[in-house]
Structure formats: structure tokens, C-alpha cells
Amino acid sequence: MTKGKADKFKKTRLVSALCVVTAGLVFLFVYYGSSVGSQVHRGTSTLRRIGSSYLGGDEDEDLGNKQDDSPFRFGQEDKENDFSPKSYPVCDDRHSDLIPCLDRHLIYQMRLKLDLNLMEHYERHCPQPERRFNCLIPPPPGYKVPVKWPRSRDEVWKANVPHTHLADEKADQRWMVVKGEKIVFPGGGTHFHYGADKYIASLANMLNFPNNNLNNQGKIRTVLDIGCGVASFGAYLLSSDIIAMSVAPNDVHQNQIQFALERGIPAYLGVLGTKRLPYPSRSFELAHCSRCRIDWLQRDGLLLLELDRLLRPGGYFAYSSPEAYAQDEEDLRIWREMSALVERMCWKIASKQNQTVIWVKPLTNDCYMEREPGTQPPLCRSDDDPDATYGVPMEACITPYSDQAHRAGGSGLVPWPARATAPPPRLGDLGYSNDFFEKDTELWQERVKSYWDILSPKIKPNTLRNVMDMKANLGSFAAALKDKDVWVMNVVPEDGPNTLKIIYDRGLIGSIHNWCEAYSTYPRTYDLLHAWSVFSDIEKKGCSPEDLILEMDRILRPTGFIIVRDKRPVVEYMKKYLSALHWDVIATVDGESNSEQDEDEVVFVIRKKMWLTNDSLKDST
């Protein structure tokens, strides 16, 4: 062999070796999950089980991993389920506010063809398994235990929501003001010139309610605030025993809902786009829009008709906007067209003053029946289910009342607070009897009392504020907490009985959701999660319980609690993850067995530690 050939042979071997090494590195990168890659915080130790996604999904067949099509079963004694993670990687700090199904960066990466004019880019788009994060969401640097309610209504730690652009942008409207280490909320808003409390009193005065109290002696309880800003309207309603679902998208003011939840105010990330909001028909006594920048005339009044679906018979829509005042020709045009639309919808003006108009929805179907044939918008088809919401497109039609509601001439609800425990009229829609309802209410009163006995030694006054019932059924868990200074987000599965309308009839709030996906909220927004048979349910769906555990960790505040009420194998499974997630066991007790359904139930109470990321993962007391 000549020297030239030898050199050529060596070069060939070198190139081959480099190719092998490169291929190996690429394989390892893919094998350990490219979705983590650069997002994993420095200083972490081991990745979790290969192929597991952030919120469900199977292992990637393209990576050569064996596919197991059999559904997951708690208690299986196989090698797969015996795995116990030692630790989890931590996402990069820039993902401390990650909302997996509302991640605009992901939408851009996936190159989804979305209509920006229809706000589709602000709707839910959940990542595919290969694009989901396999890491713990870290708190921002300097994170502190949140300010407690009721003080949190007016101030929060700046480090916990380190976004101050709204303070500059809305400085003249006094949404929020930065003061040292805190952000304070003066109660201002675009149309709250003298504060939200006085604005609310003015609305009550416009409607001639007693004592200028918007609750109208308990008849106004549930309110929908669209385009809520930092939710000061909802914050100041709470003192009147009114609970508002404050809704805004993850838009250019992307942290407004995060501020609302940090303040301890009920709020949800949502948008009036193309899909129905995740609430049943006839859920709210009042809807509110204060300069919410929504074009109500678009698409044949589609968005206004969605509000119509959500309002109860005799419900109000309070609209504060320059169009109501008609200061110029364009405002006047919008006002004329909107007035014509709502007239065809059978709404009447209840009161109009300055830049605010309040419309009222009819109590019965009479007006709908008296319209001229062909009048637009039409009535919805008889086969349309007005309570179907999860991923259901909006319809440009009027939702008429049921025969029962029409005959009653209203919702037939008793005033709050008796409404929380009184059998609601729509109970019969689901085939439940009054006796069943009353027994369920009594059962959960006993259960909540036992929960409180467990938690009391571990909590101080006002430790808990934002509570989520992950499978709310009839809402009796939340009803049992009505005398506590907490609010409850009642979550109802999208594939079960639509009990959410019962929950709203009780004067409570909630949303429809599928726990195989991430919830529409920011990280660190709830103090207590209650999971009654939630893990058993996703076992039946074939979703990953590990991914659900990670999602619960994402939305739970540091030092927050989880109450799991489920089968014993579920609890044994969860115990494997405590160390890796930095969770502590508070108690494990047998649940009472009042029926076959409750047999072998265990109550497992967990607390999330406060941990911070510096050069490495460390626990902080």
C-alpha cells in the first residue's frame, strides 16, 4: 500500500468514525427528548423515563422504542410501572409562565394555518407528544409565598409576576402601579374613572337595585367579565357576594389573567374566537364588557349570540364603550347597527347612561316566536345542544329556552346563599332526584370537614384562597366551602354527565375540561387541588397518569396542597413520585365506604415544597 493510499484509508476511517459518533449523539439527543434539550435547567441530574410526554402520549415508535398499545392500569406489577424517578429536569427560566395549550411560540413552530382576524391563535392548540415539555416549571427568580387574601386583592409581590408593562401602558387608567417590591392595584380601569367599587354601584343604581348593591338581594350571583384586564371588576364584586368569571386571552396583555389569579380573584384564560366558551347555557345573571375591544357585529353577531347563549332568562349585558355614547360618526354607525342586532335578538335597553348601556334578555320565548319569518339571526336548530362546549364551534343563532324555563318565565332559582344547597330546577335534566342531590350535599359537607381537620394543623388563616375541584360532579365540594374565604374552580370532564349547569345553578363557577390535556391557566395559580377519582378516570381513557401529576405540579403554587381521593393503587403509584417532584406527604387515611363506588377509597394529602433554581435545584424552607 502506498503512502497516499494509506492516508486516504485513514481519512476514510476518520470520516466513518466521526459519522458514527455524530449519529450516536443525534440518537441520544432524540432519545432523551428534543423537547427538553435546551429548555432543561443547568444543574439537574437525570431525565425521567424515556418517551413519556408532558401531558400524555405514547413512546415514539420512530425512535425504535417498543410500543405498548395496552392501556395503563394502576397496580400492574411490571417492570414499566415499577419505575421510580429520582429527579426531574427543570425547564429553563424563560418557561416559568408556560401554558402548554396556549403557547404562541409552539403555534409558530407548528406553522398552524390560523385566521388571526377570528382570534384562532388565542384559542387552545395543545402540543403533540413529541413537542411537549418533560420538565418541571420553575418559579421565577426571587419568587415568594403569595400575599394572602384579602390583602392580595390590592397588592402582590412583583417577583412572582415580574411583568410591569401593563403598569406603564395603562398608567393613566390605574390598572396597576409598581411600588418597590410590590405591584399594587388601585381598582382602576378604562371606564372606572372613580374606581371599580363606585362603577359597580353606578350599575346597580342604573338598574334601581336596593341600596345600590348589584347583587339585588341575592338574585345576581354569577357574572361573566369579558376582556377583564387585571380583574378589578371581579375583585370588587366579591364583597357583594357576587362571583365573576373574569376572562381574557393570552394576548398582548398576556399576564392580565396571571395577575388576577395571583390576587386571588377567579379568572380563566379564554377568548371569544370561533369556539364556544367552556360554560353551559344560562350560566350567568350578568355579562360585562368595559372597553373590551370586541367587534360585536362581526360574523352576523356571532360573538354577541355566544353571550346570549350564556345569559339566563332576564339576564343583563352591561356594555361600557364610546359606541354607547356615539361621540363621532363611526361610533354612531356602530351603535345603530348594534342596536338593530340586539333588537332582533329580543334584547331591550334596561338603562343607558353616559358611556354605559345595560340590555336585558327576555324571560320567555314569546318574543322569539313573534318575530317575522326569515328574521336574522335565526333560532338554533332543535337538535343543537346549547350545553355542549368543549371544542364546539359557535353558532350564529339564538338559543331559545327549554319548555320548562319558558313556562317558569325565568330560571326559577332561589337567591344566594340559599341557592348553594337548594335543589336547582335543571337537576331533572340529568335524571337526578332532589333526594339524591341532598344526600350528595350532605356527604361532601362531611368529607370537607374531615379534610379541614387534616389541613388545619398545617395552615394559617387565609393560607388557602384559589381552590380547584378537578372532578366536581354536582359541585357539593365547593358548596361545602361557601363559608370559607376561598373560591373554587369546579372542573367537569368533557365526556361525562354535563353537571356544570347544575354547578352554575348553585351559584358556583367552573369549566369543562379534559385532563388528558393541560388546563388553561398559568403555572402556580392554585393553592389546593382536589382530585376525586380523576386518576381512575384517565386510566380508563388510556392517558398517562405521570403526565397528569406533572400538570398538577405546574398549576399548584409552592407550599400548596393536593387532596387525592381515589383507589389504593393510585395512591401507591403516586408515592413513587413524591421525592422527584419535591412533594411531602401530609396524611394518608382510609375514606369512608358509604357505597360500592367508595369501596377501597384512600384520602392522600400532599404538600408541594417551595423550591428555587439557582446553579442547581435546591429546596427552600
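Rules used in this analysis
All residue numbers here refer to positions counted from 1 along the written sequence of the relevant chain. Reporting in this predicted model follows two pLDDT cut-offs: at least 70 for local features of residues, and 80 or more for side-chain atom pairs to be given and counted; totals over whole chains, interfaces and linings ignore these cut-offs and use all residues. Hydrogens and waters are ignored; side-chain quantities use all the structure's heavy atoms. UniProt positions are given in the numbering used here, feature names are shortened, and annotations may be inferred rather than shown by experiment. Secondary structure elements follow DSSP: runs of H or I of four or more residues count as helices, runs of E of two or more count as strands, with numbering from the N terminus. Only protein chains enter the calculation, and the probe is 1.4 Å; a residue is then buried if its accessible area is under 20% of its type maximum, exposed if over 50%, and partly exposed in between. The pairing test for Phe, Tyr and Trp rings, Trp by its six-membered ring, is centres within 6.5 Å, and the orientation test on the planes gives stacked under 30 degrees, edge-to-face over 60, and tilted for anything in between. Two strands qualify as a pair provided that DSSP identifies no fewer than 2 bridges between them. To define axes, lines are fitted to C-alpha atoms, for helices over the stretch in contact only, and angles between the resulting N-to-C directions are given on a 0 to 180 degree scale. Criterion for a salt bridge: a side-chain nitrogen of Lys or Arg within 4 Å of a carboxyl oxygen of Asp or Glu. Whether two residues are in contact is decided by their heavy atoms: any pair within 4.5 Å suffices. Distance and chemistry together define a polar contact, namely a pair of N or O atoms within 3.5 Å, with one atom able to donate a hydrogen and the other to accept it when in protein, and with adjacent residues in sequence counting only for side-chain atoms on both sides.

The name that an unreviewed UniProt entry assigns to the chain is Methyltransferase, with the source organism given as Thalictrum thalictroides. Here is the UniProt Sequence similarities (unreviewed entry) comment for the chain, exactly as written: "Belongs to the methyltransferase superfamily."

> Before we move on, could you go through unusual backbone geometry and cite the residues and values that matter?
The peptide bond linking Gln376 to Pro377 adopts the cis configuration, its omega dihedral lying at 0 degrees. Positive phi is not limited to glycine here, since Asn216 has a value of about 50 degrees. Assignment of secondary structure puts Asn216 in the loop between helix H4 (196–206) and strand S4 (222–226). Unlike most non-glycine residues, Asp241 shows phi in positive territory, near 60 degrees. Along the polypeptide, Asp241 turns up in the loop between helix H5 (232–237) and strand S5 (243–248). Residue classification places Asp241 among the partly exposed positions, given a relative accessible area of 43%.

> Can you explain the packing of aromatic side chains? Please cite residues and give values.
Summed over the entire model, instances satisfying the criterion amount to 25 aromatic pairs. Between the aromatic rings of Trp347 and Trp359, the centroid separation amounts to 6.4 Å while the plane-to-plane angle is 45 degrees, which identifies the pairing as tilted. In this pair, Trp347 sits in the loop between helix H9 (329–344) and strand S9 (348–353) while Trp359 sits in strand S10 (residues 356–360), placing the two residues twelve residues apart along the sequence. Each of the two residues, Trp347 as well as Trp359, counts as buried. Ring pairing ties together the aromatic residues Tyr268, Tyr279, Phe284, Tyr504, Trp515 and Tyr519, which thus form one cluster.

> Summarise the sheet that holds strand S2 (residues 177–179); cite the residues concerned and give the values.
As summarised here, the arrangement of the three strands in space is S1-S3-S2, forming an open sheet in which the pairing is antiparallel. Two strands bound the open sheet, and with one partner strand each, they are strand S1 (155–157) and S2. Geometrically, the sheet is characterised by an average inter-axis angle of 30 degrees between neighbouring strands, direction not taken into account. Bridging between S1 and strand S3 (residues 182–184) involves three bridges; their strand directions are antiparallel. Of the residues in S3, the one forming a bridge with Val156 is Ile183.

> Can you break down the pattern of salt bridges residue by residue, with the values?
Evaluated as defined, the whole model comprises 36 salt bridges. A salt bridge links Arg426 to Asp505, with the shortest nitrogen-to-oxygen separation between them at 3.0 Å. Of this pair, Arg426 sits in the loop between helix H11 (403–408) and helix H12 (434–455) while Asp505 sits in helix H14 (residues 500–505), and the two are 79 residues apart along the sequence. A relative accessible area of 2% places Asp505 in the buried class. With its nearest N and O atoms 3.0 Å apart, the salt bridge here joins Arg565 to Glu601. Taken as a pair, Arg565 in strand S15 (residues 556–567) and Glu601 in strand S17 (residues 601–608) lie far apart in primary sequence, 36 residues in all. There is no split in this pair, since Arg565 and Glu601 are both buried.

> With reference to specific residues and values, describe the environment of Phe209.
Structurally, Phe209 can be placed in the loop between H4 and S4. With near-sequence residues (within four places) excluded, Phe209 lies in contact with Ala204, Leu214, Asn216, Ile220 and Tyr316.

> Provide a residue-level description of the sheet that holds strand S16 (residues 583–590), including the pertinent values.
Across the sheet, seven strands lie side by side as S13-S12-S11-S14-S15-S17-S16; this open sheet has mixed pairing. Looking along the sheet, the strands with just one partner apiece sit at the ends: strand S13 (509–513) and S16. Within this sheet the neighbouring strands show an average axis-to-axis angle of 15 degrees, counted without direction. Of the pairings in the sheet, the one linking strand S11 (residues 466–469) to strand S14 (residues 526–532) comprises three bridges and is parallel in character. Bridge pairing in S14 places Asp469 opposite His530. Most of the contacts of H12 go to S15, to which it runs at about 135 degrees, and overall it touches S14, S15, S16 and S17. Packing of helix H16 (residues 545–555) onto the sheet brings it into contact with S11, S14, S15, S16 and S17, and relative to S15 it is tilted by some 145 degrees.

> Report on the side chain of Asn215, specifying residues and quantitative values.
With respect to the element layout, Asn215 can be found in the loop between H4 and S4. Taking the relative accessible area as the measure of exposure, Asn215 reaches 14% and is therefore buried. Side-chain polar atoms of Asn215 contact the backbone nitrogen of Gln217, separated by 3.0 Å. When near neighbours in sequence (up to four residues on either side) are disregarded, Asn215 contacts Ile220, Ser240 and Ile242.

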